[in-house]
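Now for the letters of each chain:
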Amino acid sequence: QGRNGDYWFGSNGNGAYRHDGKRLTNYTRADGLLGEQVRDIQEDAAGNVLISTTEGVSKFDGKNFTALEIVEAPTTEDGWILDPGDLLILLGPGDMGPCRYDGEMLYHLTLPKSPAEDAFRAKFPGTDYCPSCIYSIYKDRRGHLWFGTSSVGLCRFDGESLSWMYEERLTATPNGGSFGIRSIYEDRAGDFWI
């Protein structure tokens, strides 16, 4: 929900929808949206709505869409910072990783390789997707960033370093399937629900 009260919804093939309290408006490529499979929607400090699709990230200023260029973060030190005003945006397809938007630039960030990735690939050699694809991003009360992946657990950035946490029950079903970490939430008691 935007600060102005509008509700935004992403679809998996029909673009984005905005409900302003009176009417529902659908935005697609015909309106300037880069793609129609939406992966993330966020609002920046200036009130622009950023819509991440499988084709890239569009910024909506209330009237027009602008394509944001994705820039590789120059170094780990420059890319991985915690600024309360920055947005972390989920990209698609999944192996693109997260991006950090500072209000001007959209920096692509790279997660370090998970210690569980080699074991996963050895166990499932025919896997045709990225086991470290990011399915969810969450910022906790301390400002730490959590990234839920498709098959290799959680990665957390505390402002200084990135660390991996893995438990098989977080990503694997009893029958051998993998569902990934779709949601992370910290409750009032400080417990995390994954």
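A. Summary view of the sheet that holds strand β2 (residues 16-19). In spatial order, the strands read β1-β2-β3; together these three strands make up an open sheet with antiparallel pairing. Where the open sheet ends on each side, the last strands, each with one partner, are β1 (7-10) and β3 (24-27). This sheet shows a mean twist of 20° between the axes of neighbouring strands, independent of strand direction. As defined by bridge partners, β2 adjoins β3 across four bridges and the pair is classed as antiparallel. Opposite R18, over in β3, you have T25 as the bridge partner.

B. Molecular detail of the packing of aromatic side chains. Per the stated rule, a full pass over the model turns up ten aromatic pairs. Judged by centre distance (4.6 Å) and plane angle (35°), the ring pair of F60 and F65 falls under tilted. Pair check on accessibility: F60 and F65 agree, each one buried. Every member of this aromatic cluster is reached through a ring pair, and the members are W8, Y27, F60 and F65.

C. Fine view of the state of the cysteines. Following the criterion strictly, the structure yields zero disulfides and no others. Not part of a disulfide, C130 finds its nearest cysteine sulfur in C133, a span of 3.3 Å.

D. Here's a closer look at the sheet that holds strand β5 (residues 49-53). Pairing is antiparallel across the open sheet formed by four strands, whose spatial order is β4-β5-β6-β7. Both outer strands of the open sheet, β4 (38-43) and β7 (65-68), are each paired with one neighbouring strand and no more. Going across the sheet, the axis of each strand differs from the next one's by a mean of 25°, ignoring polarity. Looking at chain direction, β5 and strand β6 (residues 56-60) are connected through five bridges and run antiparallel. When the sheet's bridge partners are listed, I51 is paired in β6 with S58.

Reading the values: the criteria
Residues numbered from 1 in each chain as written. Predicted model: local features only at pLDDT ≥ 70, side-chain atom pairs only at ≥ 80, totals over all residues. Heavy atoms only, no water. Pairing = 2+ DSSP bridges. Helix = DSSP H or I, 4+ residues; strand = E, 2+ residues; numbered from the N terminus. Axes fitted to C-alpha atoms, helices over the stretch in contact; angles between N-to-C directions. Phe/Tyr/Trp six-rings, centres within 6.5 Å; stacked < 30°, edge-to-face > 60°. Buried < 20%, exposed > 50% of the residue type's maximum accessible area, 1.4 Å probe, protein only. Disulfide = S-S within 2.5 Å.

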